[in-house]
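# Reading the structure
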Amino acid sequence: MMARNGQDGGVPPDPEVPERPRRRRFTAEYKLRILKEAEACSEPGEIGALLRREGLYSSHLVDWRRQRDAGALEALGRRRGRARPDPKDREITRLRGDNDRLRRRLGQAEKIIEVQGKVSELLGISLNPASDDEESES
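The structure contained in this document is the topic of the report that follows. Since we're looking at a predicted model, the values are computed, not measured. (Residues numbered from 1 in each chain as written. Predicted model: local features only at pLDDT ≥ 70, side-chain atom pairs only at ≥ 80, totals over all residues. Heavy atoms only, no water.)

Orientation of helix H1 (residues 28–40) relative to helix H3 (residues 58–70), taken along the N-to-C sense of each, is 110 degrees, at an axis distance of 10 Å. Put simply, H1 runs roughly perpendicular to H3. Along the contact surface, H1 presents Tyr30, Lys31, Leu32, Ile34, Leu35, Ala38 and Glu39, while H3 presents Leu61, Trp64, Arg65, Gln67 and Arg68. Looking at the contact of H1 with H3 residue by residue, the classes come out as seven nonpolar, one polar and four charged. (Axes fitted to C-alpha atoms, helices over the stretch in contact; angles between N-to-C directions. Helix = DSSP H or I, 4+ residues; strand = E, 2+ residues; numbered from the N terminus. Parallel < 35°, antiparallel > 145°, perpendicular 65-115°, else oblique. Contact = heavy atoms within 4.5 Å. Nonpolar A, V, L, I, M, F, W, Y, C, P; charged D, E, K, R; others polar.)

Across its 37 residues, helix H5 (residues 87–123) extends 54 Å between first and last C-alpha, which sits within 8% of the 54 Å expected from 1.5 Å per residue. Positive backbone phi, approximately 80 degrees, marks Gly124, located one or two places after H5. (Expected span 1.5 Å × (residues − 1).)

Summarising the element assignment, Lys31 is placed in helix H1. Although Lys31 is buried, it makes no salt bridge; Asp63 carries the closest opposite charge, 8.6 Å away. For Lys31, the side chain forms a polar contact with the side chain of Gln67, separated by 3.3 Å. (Buried < 20%, exposed > 50% of the residue type's maximum accessible area, 1.4 Å probe, protein only. Lys, Arg positive; Asp, Glu negative; His and termini not counted. Salt bridge = Lys/Arg side-chain N within 4 Å of Asp/Glu carboxyl O. Polar contact = N/O pair within 3.5 Å; in protein donor to acceptor, adjacent residues only side chain to side chain.)

Bringing the environment of Gln67 into the picture now. If you trace the backbone, Gln67 turns up in helix H3. Since its relative accessible area comes to 25%, Gln67 is described here as partly exposed.

So this is what it looks like as structure tokens:
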């Protein structure tokens, strides 16, 4: 006697639930080939046999005929070129380059200021940066 509901002599059913089933995707070449085969069928039941053999539904043929008539199959069959870069990505790249360039210039300016401070120290010239800032604010 056959066990029912997955109960086969004490072995529990597999608890692993497959993730989401994947949709089948048909290439434009496959769709056109099936449409040609379906149109070549002349005897009653041949289209049904074709659909069963390929695991398709009659609605597939209806949709694919509409796509073919609208020219969508040819468009789908063409290889698409490289995707255009997002303008935001271009702007980010430009801003990063500007940022790097400005950081280098800032580093150079800080080194120059450091050298100027050492030269003024060697020459005995007193530099008081706080007093310079206060004078310019008044």
